[in-house]
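Fold and contact review
Spelled out from the first residue to the last, the chains are:
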Amino acid sequence: MRHPVDIDFVLRGIVGTASPVLGVITSMQQQIEWHLRVASLGVGLLVGILSLVAMIRKLRKR
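Throughout, a residue's number is its position along its own chain's written sequence, starting from 1. Totals for whole chains, interfaces and linings use every residue, but because this is a predicted model, local features are given only for residues with pLDDT of at least 70 and side-chain atom pairs only at 80 or more, for both listing and counting. Water and hydrogen atoms play no part in the side-chain values, which are based on all heavy atoms of the structure.

**Points about the overall build of the protein chain**
Check the secondary structure of the protein chain and you find two helices and zero strands. By the compact-globule yardstick of 11 Å for 62 residues, the protein chain is too spread out, its C-alpha radius of gyration being 24 Å. A principal-axis box enclosing the C-alpha atoms of the protein chain has dimensions of 70 × 40 × 10 Å. By residue count, 0% of the 62 residues in the protein chain fall in the buried class. Here the accessible surface of atoms and residues is derived via Shrake-Rupley with a 1.4 Å probe, and residues count as covered only by protein chains that are part of the display. A total accessible area of about 6,300 Å² is found for the protein chain, and carbon and sulfur atoms account for 70% of it. In DSSP terms, a helix is any run of H or I states spanning at least four residues, a strand is any run of E spanning at least two, and both are numbered starting from the N terminus. Radius of gyration here is computed from C-alpha atoms only, and the compact-globule reference equals 2.2 Å multiplied by the residue count raised to the power 0.38. Type-normalised accessible area, obtained with a 1.4 Å probe on protein chains alone, sets the label of each residue: buried when under 20%, exposed when over 50%, and partly exposed for intermediate values.

Rendered as structure tokens:
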């Protein structure tokens with residue numbers, strides 16, 4: 001017969017795993033923010049270029 005899941009044991013495992021991860025994220029917050037800014041700039045540029053290409057193609061079809 002299977003033993004029931006011990007909720008306290010599971011919660012301790014989740015908290016024990018999440019605590020160091022949050023510590024690393026907190027200590028590297030500036031680097032992570034910089035990467036997110038650069039990534040969002042790249043995505044914005046890509047969307048702008050794709051929009052421009054779509055507009056040029058649409059104008060050429062006329």
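Back to the text.
**A look at the packing of helix α1 (residues 7-27) against helix α2 (residues 29-61)**
Axis separation between α1 and α2 bottoms out at 4 Å; the angle between their running directions is 70°. The orientation of α1 with respect to α2, classified from their angle, is roughly perpendicular. Residue-level inspection shows I25, T26 and S27 of α1 in contact with α2, the latter providing Q29, Q31 and I32. A per-class count over the contact of α1 with α2 returns two nonpolar, four polar and no charged. Orientation is described by lines fitted to C-alpha atoms, with helices fitted over the stretch in contact, and by angles between N-to-C directions that extend from 0 to 180 degrees. Roughly parallel means an angle under 35 degrees; roughly antiparallel means over 145; roughly perpendicular covers 65 to 115; every other angle is labelled oblique. Throughout, a residue-residue contact means that at least one pair of heavy atoms, one from each residue, lies within 4.5 Å. Any residue outside Ala, Val, Leu, Ile, Met, Phe, Trp, Tyr, Cys, Pro, Asp, Glu, Lys and Arg is labelled polar, Gly included; the first ten of those are nonpolar and the last four are charged.

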